[in-house]
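An overview of the molecular structure
Here are the chains, one letter per residue:
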Amino acid sequence: MSFLQAVQLTIQDHYVIIDNGILEMTISKPDGIVTKIKFNGIENLLEETNEEDNRGYWDLNWSDPGSTGTTGYYDRVKGTNFQVVVEDEEMVEVSFTRIWNPTSKAKLVPLNIDRRFIMLQGSSGFYSYGIFEKLKEWPGFNLPQTRMVFKLNKKWFQYMAVADDRQRKMPLPDDRLPERCQALDFPEAVLLTNPIEEEFKGEVDDKYQYSCEDKDLQVHGWICTDPPTGFWQITPSDEFRTGGPFKQNLTSHVGPINLAMFMSAHYAGEHMVAKFAQGEAWKRVFGPVFTYVNCVPKEVDCQWLWDDAKVQVVIETESWPYSFPNSEDYPTSEQRGNLSGRLLVHDRYFDDDYNPANGAYIGLASPNESKSWQLEGKGYQFWTTTDEDGYFFINGIRASDYNLYAWVPGFIGCEIDMGELVYEPPSDGPILWEIGIPDRTARGFYIPDPNPKYVNKLFLDHPDRFRQYGLWERYAELYPNEDLVYTIGESDYEKDWFFAQVTRKKGNTYQGTTWQIKFNLEQVYQDGVYKLRLALATANQAELQVRVNNPKAEPPIFTTGLIGKDNAIARHGIHGLYRLYTANIQGSKLVEGDNTIYLTQAKGGSPFVGIMYDYIRLEGPPNSYRS
């Protein structure tokens, strides 16, 4: 019979040590910085050449109210008070708090921050969560980002895994030093020119190439091959991450660095920044997340470490919400609610029936000024998918006020009729033609091969080929003299519609581009209104203008105005924030026979200005419908 060792807590003058016989963790006191993780015969999984406060920590970016941008002041959170919350044989929970003092001369975000660490008996890892609180009378501020960071020992961890098909041996952090690389057009991207290991020469390294949508971001981490050891970040629930299931976040990257992202403006820009006013109270629990470590004998394939981490994900998600965190701010399952129902789709110009919404995303998000779950950054969100009959079940819901949202693959828009739980996609007439498939991304359009000078070998012949560096430059190479022209009935959007409408370099400047859609109408209802639906997968400092049959017409029949700070083009994302527009086209603007719609992205100044389309369609007037 084997016996589990009791969890032991040792409190020293400047450190707290927690040991359950499987791993030992050392945390600085009262700072709350993880300085050492001892496991599988390795004295420290973290980078010991770093200063102690640069190994395992929480940090955030914040800024003064009224300021713009997504950075501001950087704050590596350090506690000023230490407390033992629970200590017994089965569990230790410790707390490191920092209380905001309005009279302090230090420039700190007006938040009380309580960071907790939990170790359980028999558990190969530890849990972390944070409680952020702003009191009503405190000053306002902006909060673009907060996260937990682990910087691992580069001697041990050189193989990274983000998904089944996104794994590889990684360059060393030294390879990003100026004498070993060439800086590229965006600060995070470098071309490895003189790496320590020859196999990486000529590759691009950029942390954004390993971004992931939150709905797929449950586990990621690193593998040490000798001794075979894994270090994994497991996120068992999305409820505390901002921006909904399609929000993209960083994962792991060269360092070796492992991240747990809670709030970020990546791929959304300033629209995603949480902004708090004076007089506004706020409290939010981030986590718990599970830092999991595993090992195997040397004769076992190291891939088992990844497979085992995925098994652990199932264990953690099935245990959510956890029963062990000792905080009144983290409700147990008995204190939470459930929601179930059925979602139907009714598209009156496609089918008179009410059809089950198969595979739809349906969720709850806290109300916000933008009335969009994509931009919700202060509360909690709870999402699920419907089954083939349209039924859904959301459990473990925190008590609060929520809006209900849904998005159905293959349909534009994302609003539902709460009375009947019927989704009626925007449609005012028969579809005359369409380009693409509405899935909120530009994935279905033509994505070129990368320039051979800027290759990441992982993404050669890969489903995520859009993650290669510099694809925006390929547009001008494919269309050196004239912009894209797409002919309905002849062109193929998978081959002939470039995935991003980017700028074109002329001399030392970047200028907007105009794409054409050519189509034929046998009959035109001169008194009717045609509707051009434009679903955008992303926009960055762009303005989309629509003209019909006259590329120089002023004013255009439609313009978005200046939109977007998503930056998905530079950061290898196939989408940022979803936007849906409708351009009304008077029938008198069209002719029987050949017509042309001109789509002008009018802004320039940078190679990263532009848009990605998700889906485009032209609808005829309602009176042109034939049943």
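Reading the values: the criteria
- Residues numbered from 1 in each chain as written.
- Predicted model: local features only at pLDDT ≥ 70, side-chain atom pairs only at ≥ 80, totals over all residues.
- Heavy atoms only, no water.
- UniProt positions renumbered as here; feature names shortened; annotations may be inferred.
- Helix = DSSP H or I, 4+ residues; strand = E, 2+ residues; numbered from the N terminus.
- Rg over C-alpha atoms; globule rule 2.2 N^0.38 Å.
- Buried < 20%, exposed > 50% of the residue type's maximum accessible area, 1.4 Å probe, protein only.
- Contact = heavy atoms within 4.5 Å.
- Areas by Shrake-Rupley, 256 points an atom, 1.4 Å probe, with all protein chains shown as cover.
- Lys, Arg positive; Asp, Glu negative; His and termini not counted.
- Charge placed at Lys NZ, Arg CZ, Asp CG, Glu CD.
- Pairing = 2+ DSSP bridges.
- Salt bridge = Lys/Arg side-chain N within 4 Å of Asp/Glu carboxyl O.
- Core = buried A, V, L, I, M, F, W, Y, C linked by side-chain atoms within 4.5 Å.
- Phe/Tyr/Trp six-rings, centres within 6.5 Å; stacked < 30°, edge-to-face > 60°.
- Lys NZ or Arg CZ within 6 Å of the ring centre and 35° of its normal.
- Expected span 1.5 Å × (residues − 1).
- Disulfide = S-S within 2.5 Å.
- Axes fitted to C-alpha atoms, helices over the stretch in contact; angles between N-to-C directions.
- Polar contact = N/O pair within 3.5 Å; in protein donor to acceptor, adjacent residues only side chain to side chain.

An unreviewed UniProt entry lists the chain under the name rhamnogalacturonan endolyase, with Spinacia oleracea as the source organism. You can read under Subcellular location (unreviewed entry) in the UniProt record for the chain the words "Secreted". If you open the UniProt record of the chain and go to Catalytic activity (unreviewed entry), you find "Endotype eliminative cleavage of L-alpha-rhamnopyranosyl-(1->4)-alpha-D-galactopyranosyluronic acid bonds of rhamnogalacturonan I domains in ramified hairy regions of pectin leaving L-rhamnopyranose at the reducing end and 4-deoxy-4,5-unsaturated D-galactopyranosyluronic acid at the non-reducing end."

Brief notes about the overall build of the chain
A count of helical and extended segments in the chain gives 3 helices and 45 strands. Here the C-alpha atoms of the chain give a radius of gyration of 26 Å, agreeing with the 25 Å that 2.2 N^0.38 yields for 627 residues. Taking the principal axes of its C-alpha atoms as reference, the chain extends roughly 85 × 60 × 55 Å. A total of 627 residues make up the chain; the buried ones form 58% of that total. In the chain, 70% of the contacts between residues at least 6 apart in sequence involve partners at least 24 apart. As displayed, the chain has an accessible area near 26100 Å², and 46% of this comes from carbon and sulfur atoms. Mean positive and mean negative side-chain charge positions of the chain (61 and 88 charges, respectively) differ by 7 Å.

Observations regarding the UniProt feature "domain: Rhamnogalacturonan lyase" (unreviewed entry) in the chain
Under the UniProt annotation, the feature "domain: Rhamnogalacturonan lyase" (unreviewed entry) is placed at residues 358-413 and 432-618. Note that residues 358-413 is 0% helix and 39% strand, and that its end C-alpha atoms are spaced 16 Å apart.

Describing the sheet that holds strand β44 (residues 593-601)
The 5 strands are arranged β34-β38-β44-β40-β41 in an open sheet whose pairing can be described as mixed. The open sheet has two edge strands with one neighbour each: β34 (485-487) and β41 (558-559). One ladder, built from 3 bridges, connects β34 with strand β38 (residues 513-521); its direction is parallel. In the strand pairing of β38, Y486 is matched with I517.

Quick notes on the pattern of salt bridges
For the structure on display, the rule yields 39 salt bridges. The residue D214 makes a salt bridge to R241 at a minimum N-O spacing of 3.8 Å. Here the residue D214 occupies a position in the loop between β17 (212-213) and β18 (219-225), and R241 occupies one in the loop between β19 (228-234) and β20 (248-249), the gap between them amounting to 27 residues. Taken together, the shared-partner salt bridges in this structure form one network comprising D428, R533, R617 and E619.

Some details on the nonpolar core
Formed by 94 residues in total, the largest nonpolar core has its most connected members in I18, I37, L143, F150 and W232. Of all the elements, strand β24 (residues 282-295) adds the most residues to this core, at 7 residues. In terms of nonpolar packing, the next biggest core, distinct from the first, is built from 67 residues, Y454, F498, A542 and F558 among them.

Some points on the packing of aromatic side chains
Considering all chains together, one arrives at 47 aromatic pairs under this definition. Geometrically, the ring pair formed by W320 and Y322 is edge-to-face, given 5.1 Å between the ring centres and 70° between the ring planes. Under the relative-accessibility criterion, W320 is labelled buried at 14%. One aromatic cluster is present, built from ring pairs that chain together W58, Y127, F132, F240, F262, F286, F290, Y292, W320, Y322, F324 and Y330. Across the ring face of Y330, the terminal group of R336 is positioned such that the distance to the ring centre comes to 5.3 Å. Directly above the ring of F276 sits K378, whose terminal nitrogen or CZ lies 4.8 Å from the centroid.

A short note on the environment of L120
Take L120: it is sitting in strand β9 (residues 112-120). The buried category is assigned to L120, whose relative accessible area is 17%. Along the backbone, L120 and E239 are 119 residues apart, and their C-alpha atoms lie at a distance of 23 Å. Ignoring any residue separated from it by four or fewer positions in sequence, one finds L120 in contact with V7, N20, E90, M91, Y127 and F324.

Looking at helix α1 (residues 303-318)
In this model, α1 (16 residues) spans 24 Å end to end at C-alpha, consistent with the 22 Å of a helix rising 1.5 Å per residue. As for α1, its buried residues are in contact with β10 (125-134), β12 (159-163), β13 (166-169), β18, β19 and β24.

Thoughts on unusual backbone geometry
With an omega dihedral of 10°, the bond running from K29 to P30 counts as a cis peptide bond. Relative to the assigned elements, P30 resides in the loop between β3 (23-28) and β4 (34-39). In this chain, G255 is followed by P256 through a cis amide linkage whose omega measures -10°. Phi is positive for R440, close to 70°, though the residue is something other than glycine. Note on placement: R440 falls in the loop between β33 (431-435) and α2 (474-478). We classify R440 as buried; its relative accessible area is 5%. Positive phi, close to 55°, is recorded for D461, a residue that is not glycine.

Comments concerning the pairing of β44
Among the 9 residues of β44, 8 are classified as buried, and the element is accordingly described as predominantly covered. Pairing of β38 with β44, which is carried by 9 bridges, proceeds in the antiparallel orientation. Within the sheet, the bridge partner assigned to I517 lies in β44 and is I597.

Side note on the state of the cysteines
The bond known as a disulfide is covalent and runs between the sulfur atoms of two cysteines. Inspection of every chain in the model, using the stated rule, returns 0 disulfides. Of the cysteine sulfurs around C224, a residue in no disulfide, the closest is that of C302, at 7.7 Å. As a non-bridged cysteine, C295 has C224 as the owner of its nearest cysteine sulfur, 11 Å distant. Among the residues examined, C295 registers a relative accessible area of 33% and is labelled partly exposed.

Notes on the sheet that holds β12
Taken in spatial order, the 9 strands line up as β7-β8-β9-β10-β24-β19-β18-β12-β13 in an open sheet, and their pairing is antiparallel. The two strands at the open ends of the sheet, each matched to only one other strand, are β7 (81-87) and β13. Here the strands of the sheet are splayed against their neighbours by 15° on average, with no regard to which way each runs. Pairing geometry for β7 and strand β8 (residues 91-98), over 6 bridges, is antiparallel. In the sheet register, V86 faces β8, and the bridge partner there is E93. Across the sheet, α1 is in contact with β10, β12, β13, β18, β19 and β24; its angle to β24 comes to roughly 140°.

What to know about the side chain of T229
Relative to the helices and strands, T229 is located in strand β19. Within the local environment of T229, its side chain forms a polar contact with the side chain of N40, the two groups lying 2.8 Å apart. In this structure, T229 is in contact with F39, N40, I42, L45, F157, W222, I223, C224, N294, C295 and L305, ignoring residues within four places of it in sequence.

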